[in-house]
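Structural overview
The residues making up each chain are set out below.
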Amino acid sequence: MKESAPIVAPAKPPKPVITLDEVNQAQDEATLLKLASEGAATQVRQAAAEKIQSREMLEALSKLAKQKDKNVFKIVKTKLDVFKTADQELAEVEATAKRVSEKLEKHSHLEADAMFKAKLTLLQQEWQTLEQSASVATQSAYAKALAACEAKIQAKAQAIADEEERHELDAQAVQLAEATLVDIQTLSASLLKVSEWSENLFKEYEAKIQELSNAMRLAMNRNLPLEYLAKSFEQRKQQALNLLDQLKTSGSAQQLLSQVKILEGDQQQTLQHKLNQLMRSAKDLGDEAVEALAEVKQEFSEWLNQRRQIEQTAKDAVRDFSDLLRKGLWSAEQGFVRKARAIQKELNAKAQDFSELPKGLQTKLEEFEQQLAKLGDWHEFAVTPKKEALITQMQALVNSTMAPADKASKIHDLQDTWKEVSKGGQQQDDQLWNEFQQASQQAYAPCKEYFEKQAAEREMHLQKRREMVGQLQTYLQAYDWENAIWKDVEQTLKTARQEWQTYWPVPRKAGNDLQKDFETLMESLFNKMASAYDANKQQKHALVEQAKQLLTHTDTRVACDSVKQLQASWKTIGKTWFKEDQSSWNEFRQTCDAVFARRQEETNAAQAERQAMLNQANQLIGVIRDLSQQNFTDASAVKTQIESTQQQFAVLDLPRDQAKGLQQSMQNAVQAVNDKIHQHKLQAEKNRWQVIYSAAKELHGFEVSVIAGKSNEESCEAISKLISSNDWPKTIASALQSRLINAKNLTSADVDLSNKKLRELVLRADILAGRESPEDEKPARMRYQVQQMQQGFGKRNIQFSDLQLEWFATPALVEDYDQLVKRFLN
């Protein structure tokens, strides 16, 4: 129903006319808001709306124009969409920045291992693209987490530096302690090299000992396990101080030796004791100290030997004289005049060699001479009773149960005594001699039978030994020495020696000759065995040396294989001397164990390195996987990070058995990120084309309004701004811009052309896609294809982009535009 203003109320005064120039001159957004909401002309309201830039004013205008002015509302909505899109992008960036910050914060709590800094670098690279758009709170959190990470890296670096410094100081302390121990040993040895001592020299050495004590105390302040060095040093120090005290009281070794040579008696014995004590002290101080006294010890030893030889010569002379004198006394007592006189002559000659006979010898010599003088007078009277006594002793042996060997020995002793008694006598008593001889034969008769039996046994033993010699000779000549079983040969030698010893006694001369033959054969057999044992010993020694060389072999696997071959070779070598064999075997086994232990150490290190590589590879794969969970606001930065991570992954020396799987995991992770980037690009491209087609639809509306005579400049300007403000393909933007410019010149005559052209493009799209056209359009489709073939255009490679460009360049004046667009796009 129409209003009738003149009837209801008087006419209102007309509103002042506001022109576009005034809108263009207005700068205050409040004024522009009022113009956009209350302006009389549509162009004024739209122009004012276009000039408003603040979000607050646009939101206020949106509320006012929503139900009143659709064009203004559309302009405002478009501008607010830009803000909302920016807000959404900013929110996405903020969310990504927060995730990076949270990752960094979690990273700051991890241990600063070998991958800590690399992962921190990746997070920093990711942050660089977000830093400018992140909120202050997120930037603050990131800065705090970054500071914590850098502090942890710094602390780790400092800890490593402190640990290296501590190790260096500990090493210096150990070197100082070892050097101090060597110095105290050297100092102790130098004490013995001093030939003359003075008070200042004693003080100087005491000061040196105190300096070494201070050095050892300084080394022990590091609280290292150096107790064994400290204990050894204290022992050496005390020995040095004791030696210094000895030298103070007795002087140097050279001085002591000089005095020992000069003095005699108790003084000499005291100095000798001191010198020996000094040498024992040197022995306790080690080889260097012993070497320092080597010349003194040699000179002292030579002096002692010379002194002992002199003393021994004197003792031997006294003993020989005493023994000869004792024999003389016994001869005189037994009445052996001739023998006693001969001894007297020899004693007189020996007495000339003494400067003075000992008193005891002199007394006995005088006693001997007195007895010898009496013997000459009483000899004849003393011999007969002695002979009679010898006859009685011999007759007693006839019925004696004494062992034959002992009886024979006793008979021989009595016979020897008869001879001694008979010497020097003036007459011989045949009757006494016959009695003595008859008694000797009767007493010896049982002994003769015994000795004959002994002789037969000796002959039997001799024969057995001859047989053994023959057997050994045959064994030596017939045995296969090239393939000898040396264990059997050794047993043969042992058994032969034992059996030979059981065949005893044997006749002396024949036995001695046979013994030489036996020993010669045994030596020949032994030499063969010894030669083989020595050869085996050399072979085993060579294996030991080869095993030692493998200790420094660069390839431990080859070294272990070689050791196993050496062990196999060892088993093929025969035995050798037991102790040497055991020693060689122990050395060989220890060397082999050392080679295997070195291989095990390398295996353990390789396994640790392998695990570290696996951990590092998995960490890098994890970094790529984390990227796939992010929103890609900057695809180029993500690609840069992927390339950096792949470079780090490529240089890893991955285990062969897992390299393929890890590489596949890395490829899958990278492919997942690339797929997401591709999806992001596709979505962005789709969104862009949606905007383009939306702009084309707006242009369609504008063209239709031109044909209907309802066009306006505001709509034209809006479409122009939309085309120029977006990053569209230049050909598309140019085609749309040309249509917009030419739209003002469209007439109703252009409608048929547009309808024909657009429908032709749809048919061409059907043909290009190989899709069926509706039944009513199939004749037209056929005509187009025939026409194209006649014109020779069938050879040209038509792409959908070419049709799309023609679509955007063709004015859209058809009523069913939306259906055609949908069909064209399908």
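Residues numbered from 1 in each chain as written. Predicted model: local features only at pLDDT ≥ 70, side-chain atom pairs only at ≥ 80, totals over all residues. Heavy atoms only, no water.

Some points on the overall build of the protein chain
- Within the protein chain one finds 30 helices and zero strands.
- At 65 Å, the protein chain has a C-alpha radius of gyration far larger than the 28 Å of a compact globule built from 826 residues.
- Considered along the principal axes of its C-alpha atoms, the protein chain spans approximately 215 × 80 × 45 Å.
- Per-residue burial for the protein chain yields a buried fraction of 34% across its 826 residues.
- Across the protein chain, every contact between residues at least 6 apart in sequence was considered, and the portion connecting residues at least 24 apart equals 74%.
- Carbon and sulfur atoms make up 51% of the accessible area of the protein chain, which totals about 51,700 Å². (Helix = DSSP H or I, 4+ residues; strand = E, 2+ residues; numbered from the N terminus. Rg over C-alpha atoms; globule rule 2.2 N^0.38 Å. Buried < 20%, exposed > 50% of the residue type's maximum accessible area, 1.4 Å probe, protein only. Contact = heavy atoms within 4.5 Å. Areas by Shrake-Rupley, 256 points an atom, 1.4 Å probe, with all protein chains shown as cover.)

A few points about helix α19 (residues 486-502)
- Taking 1.5 Å per residue as the helical rise, α19 with its 17 residues ought to reach 24 Å, and the 25 Å between its terminal C-alpha atoms agrees with that figure.
- Among the residues of α19, those classed as buried are Trp486, Val489, Leu493, Ala496 and Trp500. For α19, the arc enclosing every buried residue in end-on projection is 75 degrees, short of the 170-degree limit, so these residues lie on one face. Exposed residues lying more than 90 degrees from the buried face of α19 are Lys487, Gln501 and Thr502. (Expected span 1.5 Å × (residues − 1). Arc of directions from axis to C-beta.)

What about a nonpolar patch on the surface?
- Residues Leu768, Phe800 and Leu825 make up a contiguous nonpolar surface patch of about 240 Å² in total accessible area.
- Structurally, Leu825 can be placed in helix α30 (residues 817-825). (Patch = residues over 30% accessible without salt bridge, like charges linked within 9 Å, V, L, I, M, F, W, Y side chains within 5 Å. Salt bridge = Lys/Arg side-chain N within 4 Å of Asp/Glu carboxyl O.)

Details of the layout of surface pockets
- In this structure, the largest pocket spans a volume of roughly 2,000 Å³.
- Lining the largest pocket are 50 residues, and of these Thr78, Val82, Val691, Leu722 and Asn726 lie nearest its centre.
- Looking at the lining of the largest pocket, the elements that each hand over two or more residues are α4 (42-51), α6 (70-107), α24 (656-707) and α25 (713-724).
- If one sorts the elements of the lining of the largest pocket by residue count, α24 sits on top with 16 residues.
- A class-by-class count of the residues in the lining of the largest pocket yields 15 nonpolar, 20 polar and 15 charged. (1 Å grid on protein atoms, 1.4 Å probe; cavity = no way out; pocket = protein on both sides within 12 Å on 5 of 7 lines; lining within 4 Å. Points joined across faces, edges and corners; volume = space filled by probe spheres on them. Nonpolar A, V, L, I, M, F, W, Y, C, P; charged D, E, K, R; others polar.)

Details of the environment of Leu241
- Along the chain, the position of Leu241 falls in helix α10 (residues 227-250).
- The class of Leu241 is partly exposed, set by a relative accessible area of 27%.
- Distance from Leu241 to Ile209, taken between C-alpha atoms, is 8.2 Å for residues 32 residues apart in sequence.

Re the pattern of salt bridges
- Summed over all chains, the structure comprises 26 salt bridges.
- Across the pair Asp170 and Arg166 runs a salt bridge whose closest N-O atoms are separated by 2.9 Å. Of this pair, Asp170 and Arg166 both sit in helix α8 (residues 136-193), four residues apart, roughly one helical turn.
- Note on Asp170: relative accessible area 9%, which makes it buried.
- Residue Lys757 is joined to Glu806 by a salt bridge in which the shortest nitrogen-to-oxygen separation is 3.0 Å. Remark: Glu806 occurs in helix α29 (residues 800-809) and Lys757 occurs in helix α27 (residues 749-769); sequence separation between them is 49 residues.
- Judged by relative accessible area, which is 24%, Glu806 ranks as partly exposed.

Section: the packing of α29 against α30
- At a closest axis distance of 12 Å, the pairing of α29 and α30 adopts a crossing angle of 165 degrees. Our classification of the angle between α29 and α30 gives roughly antiparallel. Relative to α30, the crossing made by α29 is left-handed. Of the residues in α30, those in contact with Phe800, Leu803, Gln804 and Trp807 of α29 are Tyr817, Leu820, Val821 and Phe824. (Axes fitted to C-alpha atoms, helices over the stretch in contact; angles between N-to-C directions. Parallel < 35°, antiparallel > 145°, perpendicular 65-115°, else oblique. Left-handed = near helix turned anticlockwise from the far one by under 90°.)

Details of empty space enclosed by the protein
- Applying the stated criterion to the full structure yields two cavities of 30 Å³ or more.
- In this model, the second largest cavity occupies a volume close to 70 Å³.
- Lys103, Lys119, Leu122, Leu123, Glu126, Val623, Asp626, Leu627, Gln630 and Gln641 together form the lining of the second largest cavity.
- Contributions of two or more residues to the lining of the second largest cavity are made by α7 (116-128) and α22 (578-627).
- Along the lines of polarity and charge, the residues of the lining of the second largest cavity split into four nonpolar, two polar and four charged.

Quick look at unusual backbone geometry
- Cis geometry marks the peptide bond from Trp504 to Pro505, where omega comes out at 10 degrees.
- Relative to the helices and strands, Pro505 resides in the loop between α19 and α20 (508-549).

A word on the side chain of Arg823
- One can find Arg823 in helix α30.
- Residue Arg823 is classed as buried on the basis of its relative accessible area, which comes to 18%.
- What Arg823 contacts, discounting residues up to four positions off in sequence, is Val762, Leu763, Asp766, Arg771, Ser773, Pro774 and Glu777.

Side note on the packing of aromatic side chains
- Under the defined criterion, the tally for this structure stands at 16 aromatic pairs.
- On the numbers, 5.7 Å between centres and 50 degrees between planes, the contact of Trp570 with Trp585 is tilted. In this pair, Trp570 sits in helix α21 (residues 556-572) while Trp585 sits in helix α22, placing the two residues 15 residues apart along the sequence.
- Overall, the relative accessible area of 33% leaves Trp585 in the partly exposed class. (Phe/Tyr/Trp six-rings, centres within 6.5 Å; stacked < 30°, edge-to-face > 60°.)

Some details on the nonpolar core
- Core analysis: the biggest nonpolar cluster contains 39 residues, and Leu191, Trp197, Tyr205 and Leu275 have the highest contact counts within it.
- Of all elements in the fold, only α8, α9 (199-220), α10, α11 (253-262), α12 (265-285) and α14 (294-334) reach the threshold of two or more residues within this core.
- Once residues within four sequence positions are removed from consideration, Leu191 is found in contact with Trp197, Tyr205, Ala240, Leu243, Leu244 and Leu247.
- Among the nonpolar cores identified, the runner-up in size contains 33 residues, and Val706, Ile732, Leu736 and Leu740 belong to it. (Core = buried A, V, L, I, M, F, W, Y, C linked by side-chain atoms within 4.5 Å.)

Let's talk about the confidence of the model for the protein chain
- Put simply, the protein chain has an average pLDDT of 80, and 92% of its residues get 70 or more.
- Below pLDDT 50 for its whole length, residues 1-15 participates in zero contacts with residues either more than four positions away or in separate chains. (pLDDT = per-residue confidence, 0-100.)

A short note on the environment of Gln255
- Here Gln255 lies in helix α11.
- With 60 residues separating them in the primary sequence, Gln255 and Ser195 have C-alpha atoms 7.2 Å apart.
- Among residues more than four places away in sequence, those in contact with Gln255 are Ser195, Glu196 and Trp197.

Brief notes about the packing of α24 against helix α26 (residues 730-742)
- Their axes nearest at 10 Å, the elements α24 and α26 cross at an angle of 10 degrees. By the angle between their axes, α24 is roughly parallel relative to α26. The way α24 lies across α26 gives a crossing that is left-handed. Residues Trp689, Ile692, Ala696, Leu699, His700, Phe702 and Glu703 of α24 pack against Ile732, Leu736, Arg739 and Leu740 of α26.
- Of the residues belonging to the contact of α24 with α26, the class tally is eight nonpolar, one polar and two charged.

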